[in-house]
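Architecture and fold: a report
The primary structure of each chain is shown beneath.
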Amino acid sequence: MSSQKMLVKTISAHELMKILEKIIMEFDCSHDEIYEHFSKCYIYEIIGEKFSQISLSTSDFSNIINVMSKIGLHPYMIGTPILRVTKSKKIFPLLPLGNILTKYCKKIIRLNENLINKIIYGKTIEINDKIGFNRAIIVNKYGEFIAYAKIRREKKYTLIIPELDIGWYLRKGG
C-alpha cells in the first residue's frame, strides 16, 4: 500500500468494453463472449499520479477500499491488472489480458516450441506462412498465451516481432 493518494473506482463491464474496443477490433475478438466474461468480474480502475491501470477481481473490495481511504491508506493494486493506461489515455494490454483474449479472438498464431523459445527471449522470428493481419496473439501448441506481436510481411517470409511476451518479466520487468 502507498501513502500516495490513488483513486480507485469500480467500473462496469460495459465501460470496460468501451475501453477495450480498439483491442477487440485489432485481434478480431468476439465482443459478446468477452463482455460475458467481464460481466462476471469486479472491475477496478486505479488512477495514480504516475500510472493508471484496469484490474479484474472475483471479489468486491469496494467497502475495504473505502475504509482504507478514510484512514489514509491507498492501495496501488487490486486484483489482476489487465490494462495499462498512459497519461495521454493510450491503452496497452498487459500479459494477464492475453490469457483471456486467447479464448475469444481470431488473430492468433500458434507456434512450435522452438519458435516460442525465441519469442520468450524477445527475439523476432521469421516464418514462411503469409499472415493477413498486422498484430496477433501468439500461443503455444496448447493454446496458452505467450505474447502480443507485430506482424510484418516481407517478400518471401513473415516477421513476428514480440511486443510484450511472458519472458518480459524475467528480462526487464521483475
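Residues numbered from 1 in each chain as written. Predicted model: local features only at pLDDT ≥ 70, side-chain atom pairs only at ≥ 80, totals over all residues. Heavy atoms only, no water.

**Observations regarding the overall build of the chain**
Within the chain, the regular secondary structure consists of 6 helices and 10 strands. Overall, the chain is about 60 × 35 × 30 Å in size when its C-alpha atoms are taken along their principal axes. When each of the 174 residues of the chain is scored for burial, the buried share is 43%. Considering only intrachain contacts with a sequence separation of at least 6, the fraction spanning at least 24 residues in the chain is 59%. Element-wise, carbon and sulfur atoms account for 51% of the exposed surface of the chain, whose accessible area totals about 10700 Å². Considering the chain, the positive charge centre built from 27 side chains and the negative charge centre built from 17 side chains are found 6 Å apart. (Helix = DSSP H or I, 4+ residues; strand = E, 2+ residues; numbered from the N terminus. Buried < 20%, exposed > 50% of the residue type's maximum accessible area, 1.4 Å probe, protein only. Contact = heavy atoms within 4.5 Å. Areas by Shrake-Rupley, 256 points an atom, 1.4 Å probe, with all protein chains shown as cover. Lys, Arg positive; Asp, Glu negative; His and termini not counted. Charge placed at Lys NZ, Arg CZ, Asp CG, Glu CD.)

**Some thoughts on the layout of surface pockets**
Considered as a void within the structure, the largest pocket measures approximately 710 Å³ in volume. Residue lining of the largest pocket: 28 residues in total, with Arg84, Phe92, Pro93, Leu94 and Leu164 positioned closest to the centre. Taken together, the elements giving at least two residues each to the lining of the largest pocket come down to helix H1 (13-26), strand E3 (52-57), strand E4 (80-85), strand E5 (91-93), helix H4 (95-104), strand E10 (158-165) and helix H6 (168-173). (1 Å grid on protein atoms, 1.4 Å probe; cavity = no way out; pocket = protein on both sides within 12 Å on 5 of 7 lines; lining within 4 Å. Points joined across faces, edges and corners; volume = space filled by probe spheres on them.)

**Structural notes on the state of the cysteines**
Inspection of the entire model under this criterion finds 1 disulfide. What pairs with cysteine 29 in a disulfide is cysteine 105, and their sulfur atoms sit 1.9 Å apart. The sign of the 90° torsion about the S-S bond sets the cysteine 29-cysteine 105 disulfide as right-handed. A residue pair is termed long-range when its members are at least 10 positions apart, and cysteine 29 in the loop between H1 and helix H2 (31-38) and cysteine 105 in the loop between H4 and strand E6 (108-110) qualify at 76 residues. (Disulfide = S-S within 2.5 Å.)

**Description of H1**
Between its first and last C-alpha, H1 extends 19 Å over 14 residues, near the 20 Å set by a 1.5 Å rise per residue. Among the residues making up H1, those that are buried are Ala13, Leu16, Met17, Leu20, Ile23 and Ile24. In the stretch just after H1, aspartate 28 is the one whose phi turns positive, near 50°. (Expected span 1.5 Å × (residues − 1).)

**Comments concerning the environment of methionine 77**
When you line up the elements, methionine 77 lands in the loop between helix H3 (62-70) and E4. For the pair formed by methionine 77 and tyrosine 44, sequence separation is 33 residues and the distance between their alpha carbons is 9.3 Å. In this view, methionine 77 contacts Ile46 and Gln53; residues no more than four positions away in its chain are not counted.

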